[in-house]
Amino acid sequence: MAAGGGKVDEFQPHPVKDQLPGVDYCLTSSPSWPEGILLGFQHYLVMLGTIVIVSTILVPLMGGGNVEKAEMIQTLLFVAAINTLLQTWFGTRLPVVVGASYSFLIPAFSVAFSSRMSIFLDPHQRFKQSVRAIQGALIIASLFQIIVGFFGFWRIFARFLSPLSAVPLVTLTGLGLFAFGFPRLADCVELGIPALVILVILSQYIPQKLKSRGADRFAIIVSIGIVWAFAEILTAAGAYNKRSPKTQLSCRTDRSGLISAAPWIRVPYPFQWGRPSFNAGDTFAMVAASLVAIVESTGTFIAASRFGSATPVPPSVLSRGVGWLGVGTLLDGFFGTVCAYLSGKFGAVLASIPLPIIAALYCVLFAYVASAGLGFLQFCNLNSYRSMFIIGFSLFMGLSVPQYFNEHMLLSGHGPVHTGSTAFNNIVQVIFSSPATVAFIVAYLLDSTLSRGHSFTHRDSGRHWWEKFRNFNQDTRSEEFYSLPLNLNRFFPSL
């Protein structure tokens, strides 16, 4: 023992924790109803930002105006609420919000720019026909997710997932969305920077000063409220009247036109834009997007289990979650249910929040997702050249390959794969434009094949830490966190 034996502990590594400590509310505990409503409203605001971004990009390309944009936002919010309830009740049981995914934008763009849509001269008619085509493709793609999930194919795949291959997947599920962070924040720096600074102060510094972790729970809603009020003042004072159209679009609170276009009561119903149409090329591209959504959602599920202070998600629970993700995609294809949705004007008012404020939230929230992925390094042997290569190479390729595909699309108007088959081009573009998907494919293949026969590989990848969670009944905590409600496990047992 070295001299001054009492100091040896200072140089001991931090202990490995299969559950994240210091979490106020884990999966089996809940806040009070008033606090829960406010926390849920924060989730709503973040989800609203994503849906507004997707609708703002997509609807004009399909020929829609402010009325169609308002209808699309309200319908997607309603369906997102249903999908979130289904996922939290019967899916993974994790605190995740199921909403719009950027992975479906490329197939949607392909529909909007297809030659068969250009024959419609009336923009509203072209919008309706484009939506119908997207609906049909989503319905077929949802069947792929349902089969992969409920038939257990994703369970088989997930059983070979190790902490080593989970690191790039979860990390780039967060970092892969960096384009929606500071670049969008910089569209209106006088709003984005204050929002980011206030959020960091409220969520990190104030709790330290108050010596209370509970003070950071409402940092998002307070930050939005302060900067949104500031944006309203700037807009009313005419600060943006002589600015460029791009600046006005990003900074003004009255720029969206949604408030005047939105009805007081919105009643979504199935096939509200007409009967869906089906096209083989659109379907194949949408199935590829649904595969990307499965991979990215798996990374989100793993991150959510970590921040929820739960044990690693059993493969059967991941597969169950993917199945219900497919049900959610099917509902997206139907575009709503027959039920009154009272968010009309209210949702439109909230949708007028300048997007740079939402981008400031993404800078913090997506960083947290990335940090959850890096946290799984504690299970791996970082003194192994094999581990270092797999982690470094997969992260690098996960960032580099999508950057190449996206730059090529931006400069040339098409992806680097430009064959006579539009469907094949879109499939390749969708898969290789997703950082999390590329990184996961590289890490999973390398971890499964590189030095597979050596005795040290199993421990270097951290598989021994997750071994007891491979099957649902191997650890009693799995039932505590992931069992179905109403004793449904009797009829739908997890393996």
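Below, the structure is looked at part by part. Just so it is clear, the model here is predicted, and its values are computed rather than measured.

1. Some details on the packing of helix 8 (residues 189-210) against helix 9 (residues 219-236)
It is at 9 Å that the axes of helix 8 and helix 9 come closest, and there the two elements cross at 155 degrees. The orientation of helix 8 relative to helix 9 falls into the category roughly antiparallel. The two elements helix 8 and helix 9 meet at a crossing, and its hand is right-handed. Of helix 9, the residues touching helix 8 (which contributes E190, L191, P194, A195, I198, L199, L202 and S203) are A219, I220, V222, S223, I226, V227, F230, A231 and L234.

2. Some words on the layout of surface pockets
Considered as a void within the structure, the second largest pocket measures approximately 330 Å³ in volume. Of all the elements in the fold, those that place two or more residues in the lining of the second largest pocket are helix 4 (123-150) and helix 13 (315-334). The element that contributes the greatest number of residues to the lining of the second largest pocket is helix 13, accounting for four residues. For the lining of the second largest pocket, a count of residues per class yields nine nonpolar, five polar and two charged.

3. Concerning the pattern of salt bridges
Tallied over the full model, the rule gives ten salt bridges. Residue D24 pairs with R217 through a salt bridge whose shortest N-O separation is 3.0 Å. In this pair, D24 is assigned in the segment before helix 1 (33-61) and R217 in the loop between helix 8 and helix 9, connecting sequence segments 193 residues apart. A relative accessible area of 36% means that D24 is categorised as partly exposed.

4. Concerning helix 8
The terminal C-alpha atoms of helix 8, which comprises 22 residues, lie 30 Å apart, in line with the 32 Å expected from a rise of 1.5 Å per residue. Along helix 8, the helix axis deviates most sharply at L202, where the bend reaches about 35 degrees. Among the residues of helix 8, L191, G192, A195, L196, L199, S203 and P207 are the ones counted as buried. Of the residues trailing helix 8, K211 is marked for its positive phi of about 55 degrees.

5. Topic: the environment of G91
Along the polypeptide, G91 turns up in the loop between helix 2 (66-90) and helix 3 (105-112). Among the residues examined, G91 registers a relative accessible area of 0% and is labelled buried. Distance in space between the C-alpha atoms of G91 and L318 is 8.2 Å, their sequence separation being 227 residues. What G91 contacts, discounting residues up to four positions off in sequence, is L86, R320, G321 and W324.

6. Some words on empty space enclosed by the protein
This model, assessed by the stated rule, comprises four cavities of 30 Å³ or more. In this model, the largest cavity occupies a volume close to 170 Å³. Lining the largest cavity are 17 residues, with I302, P312, V313, L318 and W466 positioned closest to its centre. For the lining of the largest cavity, the secondary-structure elements that each account for two or more residues are helix 12 (280-307) and helix 13. A total of three residues in the lining of the largest cavity trace back to one element, the largest contributor, which is helix 12. Looking at the lining of the largest cavity, its residues break down into twelve nonpolar, two polar and three charged. Put simply, the second largest cavity is a space of about 40 Å³. As for the second largest cavity, its lining consists of L45, L48, G49, V52, L350, A351, I353, L355 and I358. The set of elements that each furnish at least two residues to the lining of the second largest cavity consists of helix 1, helix 14 (344-351) and helix 15 (355-375). Take the lining of the second largest cavity: its biggest share by element is four residues, from helix 1. Residue classes in the lining of the second largest cavity are distributed as eight nonpolar, one polar and no charged.

7. Digging into the side chain of D475
Relative to the assigned elements, D475 resides in the loop between helix 20 (463-466) and helix 21 (476-482). Discounting residues that sit within four places of it in the chain, D475 has contacts with K468 and F469.

8. Side note on unusual backbone geometry
In the Ramachandran plot, R93 falls in the positive-phi region, its phi being about 70 degrees despite a non-glycine side chain. Here R93 shows up in the loop between helix 2 and helix 3. For R93, a relative accessible area of 26% gives the class partly exposed. Positive phi outside glycine occurs at N487, with the angle close to 60 degrees. Locating N487 in the fold gives a position in the segment after helix 21.

9. As for a nonpolar patch on the surface
Residues I140, L143, I147, F150, F151, F153, I156, F160 and F278 make up a contiguous nonpolar surface patch of roughly 910 Å² in combined accessible area. For the nonpolar patch, the secondary structure elements donating two or more residues are helix 4 and helix 5 (153-158). Ranked by the residues each element gives to the nonpolar patch, the list is headed by helix 4, at four residues. Tracing the chain through its elements places F153 in helix 5.

10. A short note on the packing of aromatic side chains
Tallied over the entire structure, the rule returns 21 aromatic pairs. An angle of 90 degrees between the planes, with centres 5.8 Å apart, marks the rings of F150 and W324 as edge-to-face. Within this pair, whereas F150 is found in helix 4, its partner W324 is found in helix 13, the two being separated by 174 residues in sequence. A relative accessible area of 41% means that F150 is categorised as partly exposed. With a centroid separation of 6.2 Å and 65 degrees between ring planes, the pair formed by F481 and Y482 is classed as edge-to-face.

About the cut-offs
- Residues numbered from 1 in each chain as written.
- Predicted model: local features only at pLDDT ≥ 70, side-chain atom pairs only at ≥ 80, totals over all residues.
- Heavy atoms only, no water.
- Axes fitted to C-alpha atoms, helices over the stretch in contact; angles between N-to-C directions.
- Helix = DSSP H or I, 4+ residues; strand = E, 2+ residues; numbered from the N terminus.
- Parallel < 35°, antiparallel > 145°, perpendicular 65-115°, else oblique.
- Left-handed = near helix turned anticlockwise from the far one by under 90°.
- Contact = heavy atoms within 4.5 Å.
- 1 Å grid on protein atoms, 1.4 Å probe; cavity = no way out; pocket = protein on both sides within 12 Å on 5 of 7 lines; lining within 4 Å.
- Points joined across faces, edges and corners; volume = space filled by probe spheres on them.
- Nonpolar A, V, L, I, M, F, W, Y, C, P; charged D, E, K, R; others polar.
- Salt bridge = Lys/Arg side-chain N within 4 Å of Asp/Glu carboxyl O.
- Buried < 20%, exposed > 50% of the residue type's maximum accessible area, 1.4 Å probe, protein only.
- Expected span 1.5 Å × (residues − 1).
- Bend = angle between axes of the 7 residues up to and from the residue.
- Patch = residues over 30% accessible without salt bridge, like charges linked within 9 Å, V, L, I, M, F, W, Y side chains within 5 Å.
- Areas by Shrake-Rupley, 256 points an atom, 1.4 Å probe, with all protein chains shown as cover.
- Phe/Tyr/Trp six-rings, centres within 6.5 Å; stacked < 30°, edge-to-face > 60°.

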